[in-house]
Amino acid sequence: VSVGDEGFSKLHIKYVLPIGGGVNGAAASLARKKNAINWNPLESGVTTLSLTPFNKYRELEALDYLPDEARGFEFASNWDNRDSANNTSEGGQTNLRFTRGLESNDDPSWFMWEFEQSAFMSLGSNAWFENQVVAANFYIADTPSWNSVDDENQQYHRPPTFAGISLGGFDRLRGYNSQQFTGRSAVNYALEYRMTPRWQPLQNLPVFNLYDVPWWQWALLIEAGNVTDEFTLDDLHKDMKTSYGVSVRFEVEDIVIRSDFVSGGDESQFWVMVNQPF
């Protein structure tokens, strides 16, 4: 336990490829999807390439010997093939990201990659629910430079824990503290059953009636994940941590607000955050 300071700065540079939903330009690609979803990126979804220079720091008074700065850049390819970013019923999203950490304060450079795939399937409506959706997400990551040693100072090419691969927090393995598990590699599976009730009382409540609240959503969720220092399927799937919980979400003026109550191991977490977890 330590007193400390942390922060970050990033610059996002994104290019929309002129295929699929991006054929008419970047601005047009932000509009709601009108065409039918299919799994051909040349015809459906928006494909983007992005470059993100970053600088992160975390200074801990009781642990001042740890690396306290990470700077470098991320390069990512994303194919967003969802029918809606806020309330997805069908389609999916594919993201591949490479991160290069540069030398900083005599700490060596490092390299890691992350892959994430989500998929959504609508189960239709009934007398109670306007829509029911099964949402699935798969995440895997590795740090190939983990066991490489710098010849000059005999240090491993590993990122600081606050900039490397981790699980725990409001997006992955939500039953545990933020970045509770860190290491070389990670895998995480998430499954949600999302229900949009026909009964929508929020629009008539005080404060809510001042804004546009078109829908609210209930969700049941379960996750399984693991972080290891070896990138093998056996290690990644050995003694996996699990989380399960419930969530209530609603859209306010095109912004999704979600509250998740999730249990993991012997503890529970309550998260209030913006945007869907995937």
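So, a few notes on the structure that sits alongside this text. (Residues numbered from 1 in each chain as written. Predicted model: local features only at pLDDT ≥ 70, side-chain atom pairs only at ≥ 80, totals over all residues. Heavy atoms only, no water.)

1. Brief notes about the overall build of the chain
- Across its full length, the chain carries two helices and 14 strands.
- Relative to the 2.2 N^0.38 estimate, which gives 19 Å for 278 residues, the radius of gyration of the chain is 21 Å and therefore close to what a compact globule would have.
- For the chain, with 278 residues in total, the buried portion stands at 42%.
- When contacts within the chain are restricted to residue pairs at least 6 apart in sequence, those whose partners lie at least 24 apart make up 59%.
- Roughly 15,200 Å² of accessible area belongs to the chain as shown, and the carbon and sulfur atoms make up 56% of that amount.
- The centroid of the 21 positive side-chain charges in the chain is displaced by 7 Å from the centroid of its 37 negative side-chain charges. (Helix = DSSP H or I, 4+ residues; strand = E, 2+ residues; numbered from the N terminus. Rg over C-alpha atoms; globule rule 2.2 N^0.38 Å. Buried < 20%, exposed > 50% of the residue type's maximum accessible area, 1.4 Å probe, protein only. Contact = heavy atoms within 4.5 Å. Areas by Shrake-Rupley, 256 points an atom, 1.4 Å probe, with all protein chains shown as cover. Lys, Arg positive; Asp, Glu negative; His and termini not counted. Charge placed at Lys NZ, Arg CZ, Asp CG, Glu CD.)

2. Some points on the side chain of serine 44
- Among the structural elements, serine 44 can be located in the loop between helix H1 (26–29) and strand E3 (46–60).
- Polar side-chain contacts of serine 44 include one of 2.5 Å to the side chain of asparagine 81.
- Not counting residues within four places of it along the chain, the set of residues in contact with serine 44 comprises Gly20, Ala36, Ile37, Asn38, Trp79 and Asn81. (Polar contact = N/O pair within 3.5 Å; in protein donor to acceptor, adjacent residues only side chain to side chain.)

3. Details of unusual backbone geometry
- Its identity is not glycine, yet valine 207 carries a phi of approximately 75 degrees, on the positive side.
- For valine 207, a relative accessible area of 55% corresponds to the exposed category.
- One non-glycine residue, glutamate 253, lies in the positive phi region at around 50 degrees.
- In this structure, glutamate 253 sits in the loop between strand E12 (241–252) and strand E13 (255–264).
- Its relative accessible area of 43% is what places glutamate 253 among the partly exposed residues.

4. Topic: the side chain of threonine 47
- With respect to the helices and strands, the residue threonine 47 is situated in strand E3.
- Using a relative accessible area of 10% as the deciding quantity, one classes threonine 47 as buried.
- When neighbours within four sequence positions are excluded, threonine 47 is seen to be in contact with Tyr15, Val16, Leu17, Ile19, Pro41, Asn78 and Trp79.

5. A look at a nonpolar patch on the surface
- A contiguous nonpolar patch, built from Leu11, Ile13, Leu51, Phe73, Phe75, Leu96, Phe98 and Leu102 and spanning about 660 Å² of accessible area, is present on the exposed surface.
- Going through the elements one at a time, strand E4 (69–80) and strand E5 (91–101) are the ones with two or more residues in the nonpolar patch.
- Residue position: phenylalanine 73 is located in strand E4. (Patch = residues over 30% accessible without salt bridge, like charges linked within 9 Å, V, L, I, M, F, W, Y side chains within 5 Å. Salt bridge = Lys/Arg side-chain N within 4 Å of Asp/Glu carboxyl O.)

6. Section: the pattern of salt bridges
- Following the criterion strictly, the structure yields 14 salt bridges and no others.
- A salt bridge links arginine 71 to glutamate 69; the nearest nitrogen and oxygen atoms lie 3.7 Å apart.
- Here the salt bridges do not stand alone but share partners, grouping Asp171, Arg174, Glu192, Arg194, Glu223, Arg249, Arg258 and Asp260 into one network.

7. Considerations on the nonpolar core
- If you look at the biggest cluster of nonpolar residues, it comprises 15 residues, and the most contacted ones within it are Ala70, Trp110, Leu167 and Ala186.
- Secondary-structure elements contributing two or more residues to this core are strand E6 (110–124), strand E7 (129–142) and strand E8 (165–167). (Core = buried A, V, L, I, M, F, W, Y, C linked by side-chain atoms within 4.5 Å.)

8. A word on the packing of aromatic side chains
- Counting across every chain of the model gives 11 aromatic pairs.
- Taking 6.2 Å as the distance between ring centres and 10 degrees as the angle between the ring planes, the aromatic pair formed by phenylalanine 98 and phenylalanine 111 counts as stacked. Note that phenylalanine 98 is positioned in strand E5 and phenylalanine 111 in strand E6, a separation of 13 residues in sequence.
- Residue classification places phenylalanine 98 among the partly exposed residues on the basis of a relative accessible area of 32%.
- Taking 5.1 Å as the distance between ring centres and 70 degrees as the angle between the ring planes, the aromatic pair formed by tyrosine 176 and phenylalanine 181 counts as edge-to-face.
- Owing to a relative accessible area of 7%, tyrosine 176 belongs among the buried residues under this scheme.
- Residue classification places phenylalanine 181 among the buried positions, given a relative accessible area of 18%.
- Pairwise contacts between aromatic rings join Phe129, Trp199, Trp216 and Trp218 into one cluster.
- Between the NZ or CZ atom of arginine 194 and the centre of the ring of phenylalanine 278, over which it lies, the distance is 5.1 Å. (Phe/Tyr/Trp six-rings, centres within 6.5 Å; stacked < 30°, edge-to-face > 60°. Lys NZ or Arg CZ within 6 Å of the ring centre and 35° of its normal.)

9. Digging into the environment of glutamate 192
- Within the secondary structure, glutamate 192 is located in strand E10 (residues 185–197).
- The buried category is assigned to glutamate 192, whose relative accessible area is 2%.
- Setting aside residues no more than four positions away along its own chain, glutamate 192 makes contact with Val133, Val134, Ala135, Arg174, Leu220, Leu221, Arg249, Pro277 and Phe278.
- Within the structure, glutamate 192 has its side chain in polar contact with the side chain of arginine 174 (distance 3.0 Å).
- A distance of 2.7 Å separates polar atoms of two side chains, one belonging to glutamate 192 and the other to arginine 194.

From the geometry alone we can't say anything about function, so treat these as descriptive.
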